[in-house]
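# Architecture and fold: a report
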Amino acid sequence: MELLAQESGGILVIRAAQDRIDAAGAIQFKDRMRDLTRASAAPRVVLDMSNIAFLDSSGLGAVVAVLKALAPDRKLELSGLTPTVQKVFRLTRMDSIFIIHDAVPNG
């Protein structure tokens, strides 16, 4: 899965280049996120999901796994959720677990 990372002002912003996180790409997503977050010491990690049009249960599980894999002092924040993806987070009540921004915050 193609993920693009940029660090600025203590925030590591990772943008998903694909339009879906599903069973076919969930493991690749987790592995790539792990590599990118380990390569940075930024205390905040923001996953820009503005390109993601589809997220299934495997994809949601992968996003949660990334959150759990981060050090306790680091948080995974989400931004740019499309209406379909936002609905998945709301229905599963994961919107109460993650900090969700309308757009990528400035560092």
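In the block above lies the structure referred to throughout.
From a predicted model like this one, the values you see are computed outputs, not experimental measurements.

### A few points about the overall build of the chain
The secondary structure content of the chain amounts to 3 helices and 7 strands. The order of α-helices and β-strands along the chain, N terminus first, is β-β-β-α-β-β-α-β-α-β. The C-alpha atoms of the chain give 12 Å as radius of gyration, which agrees with the globular expectation for 107 residues (13 Å, within 12%). Counting only C-alpha atoms and orienting by the principal axes, one finds that the chain spans roughly 30 × 25 × 25 Å.

### Some remarks on the sheet that holds strand 2 (residues 11–16)
Read across the open sheet, the 5 strands follow the order 1-2-4-6-7; overall the sheet is mixed. Edge positions in the sheet fall to strand 1 (3–8) and strand 7 (99–101), since each has one partner strand and no second. For this sheet the average axis-to-axis angle between neighbouring strands, irrespective of direction, equals 25°.

### Things to note about the layout of surface pockets
Its boundaries defined by the atoms lining it, the largest pocket holds a volume of some 170 Å³. Along its surface, the largest pocket is lined by 11 residues, and Gln6, Glu7, Ser8, Ile11 and Val13 are the ones closest to its centre. Taken together, the elements giving at least two residues each to the lining of the largest pocket come down to strand 1 and strand 2. In terms of residue count, the dominant contributor to the lining of the largest pocket is strand 1 (5 residues).

### Some remarks on the packing of aromatic side chains
Considering all chains together, one arrives at 1 aromatic pair under this definition. Ring centres 5.7 Å apart and planes at 85° place the aromatic pair Phe89 and Phe98 in the edge-to-face group. An identical accessibility class is assigned to Phe89 and Phe98; each is buried.

### Some points on unusual backbone geometry
Residues other than glycine seldom take positive phi values, yet Arg93 does so here, at roughly 65°. Mapped onto the elements, Arg93 comes out in the loop between helix 3 (83–91) and strand 7. Residue class for Arg93 comes out exposed when judged on its relative accessible area of 64%.

### Examining the side chain of Glu77
For Glu77, the location among the structural elements is in strand 6 (residues 75–79). Beyond its immediate stretch of four places on either side in the chain, Glu77 contacts Arg44, Val45, Val46, Leu47, Ile99, His101 and Pro105.

### Thoughts on the environment of Ile99
Along the chain, the position of Ile99 falls in strand 7. Take Ile99: its relative accessible area is 44%, and that puts it in the partly exposed class. Separated by 24 residues in sequence, Ile99 and Lys75 have C-alpha atoms that sit 8.6 Å apart.

Cut-offs and rules
Residues numbered from 1 in each chain as written. Predicted model: local features only at pLDDT ≥ 70, side-chain atom pairs only at ≥ 80, totals over all residues. Heavy atoms only, no water. Helix = DSSP H or I, 4+ residues; strand = E, 2+ residues; numbered from the N terminus. Rg over C-alpha atoms; globule rule 2.2 N^0.38 Å. Pairing = 2+ DSSP bridges. Axes fitted to C-alpha atoms, helices over the stretch in contact; angles between N-to-C directions. 1 Å grid on protein atoms, 1.4 Å probe; cavity = no way out; pocket = protein on both sides within 12 Å on 5 of 7 lines; lining within 4 Å. Points joined across faces, edges and corners; volume = space filled by probe spheres on them. Phe/Tyr/Trp six-rings, centres within 6.5 Å; stacked < 30°, edge-to-face > 60°. Buried < 20%, exposed > 50% of the residue type's maximum accessible area, 1.4 Å probe, protein only. Contact = heavy atoms within 4.5 Å.

Worth remembering: the numbers are spatial, not functional.
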